[in-house]
Amino acid sequence: MGIMNDELQFHIKTNSEQIGGYVILPGDPGRVPKIAAKLDNAVQVACNREYNVYTGYLDGVKVSVCSTGIGGPSAAIAVEELIKCGAHTFIRVGTSGGMDMKVMGGDIVVAQAAIRGDGTSREYLTPDYPAVADFTVTKALAEEAEALSENEAGKRFHVGVVQSKDSFYGEVEPQSSPLADYLLKRWDSYIKSGCLVSEMEAATIYAVALTRRVRAGGVMLAIWNVERHNAGLPDTVTKDTERAIMCAIGAVKRLIRADKKLINP
């Protein structure tokens, strides 16, 4: 028997009975129980490597939470195997660093598209094909983000393009790299193009979803804004992901209601 023929998925160690159609994807395995606590009757169904998986219910519909770990390769594996278990809708919820000056720490960002600075998406899409989120998922996230936000620094929301990268330290310490000139010029071009925040998984998740014809979107907490910091401007630094989590939960509820209407108009 081949290694991929086991009744459980090879990496996430789940089967189709354990996974819901809707899945929330944090990066951090430690954040999974916090998100799962927002579900009804959630239980841990698997924990292997960087993949911590819980399943519960929202509005009577089975919903799962699965960590992806850091970066594209592990995120792609999670989404691929979750799809094999029957999942059809994915929402990444994670942290990010602000790039555009209007984004401040504590703001949440709905990623309608992601710059493909990762390597994994190249295994799914041609270089000129964009990593875009599903419109219905993005709309649900944007509506929920608006409902959760205030017109105050650190409590706002934004919708736009994010950067997905493979090297965390290539962002925060580019001067130490042999490719410093390239990294800094590329970063500057992204800022001039209106990129909102930098993170590490959205482009990969969107690429897999596009290839496999499922829905994906994402909402990120801006922990801080590196450009505001470097310019000596005020910022509101935070690590509290609660509002981003509630945005993802609320968006799943909106999608469940909308999907039910399509089945039973």
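The text that follows walks through the structure, step by step, so that each part is easy to find. Treat the numbers as computed from the prediction; the structure is a model and nothing was measured.

What counts and how
Residues numbered from 1 in each chain as written. Predicted model: local features only at pLDDT ≥ 70, side-chain atom pairs only at ≥ 80, totals over all residues. Heavy atoms only, no water. Helix = DSSP H or I, 4+ residues; strand = E, 2+ residues; numbered from the N terminus. Rg over C-alpha atoms; globule rule 2.2 N^0.38 Å. Buried < 20%, exposed > 50% of the residue type's maximum accessible area, 1.4 Å probe, protein only. Contact = heavy atoms within 4.5 Å. Phe/Tyr/Trp six-rings, centres within 6.5 Å; stacked < 30°, edge-to-face > 60°. Lys NZ or Arg CZ within 6 Å of the ring centre and 35° of its normal.

### Describing the overall build of the protein chain
Next, step 1: Counting its secondary structure elements, the protein chain contains eight helices and ten strands.
Next, step 2: Here the protein chain has a C-alpha radius of gyration of 18 Å; the compact-globule value for 265 residues is 18 Å, and the two agree.
Next, step 3: With respect to the three principal axes, the spread of C-alpha positions in the protein chain is 50 × 45 × 30 Å.
Next, step 4: Looking at the protein chain as a whole, 53% of its 265 residues are labelled buried.
Next, step 5: Long-range contacts, defined here as pairs at least 24 residues apart, represent 77% of the contacts in the protein chain between residues at least 6 apart.

### Some thoughts on the packing of aromatic side chains
Next, step 1: This model, assessed by the stated rule, comprises one aromatic pair.
Next, step 2: Here lysine 13 stacks its cationic end above the ring of phenylalanine 10, 5.5 Å away from the centre of that ring.

### Observations concerning unusual backbone geometry
When glycine is set aside, most residues are seen to have a negative phi, and most peptide bonds are trans.
Next, step 1: At lysine 13, a position not held by glycine, the phi torsion is positive, near 60°.
Next, step 2: According to the relative accessible area criterion, lysine 13 is partly exposed, its value standing at 33%.
Next, step 3: Residues other than glycine seldom take positive phi values, yet arginine 213 does so here, at roughly 60°.
Next, step 4: Relative to the helices and strands, arginine 213 is located in the loop between helix H6 (202-212) and strand S10 (215-225).
Next, step 5: Taking the relative accessible area as the measure of exposure, arginine 213 reaches 75% and is therefore exposed.

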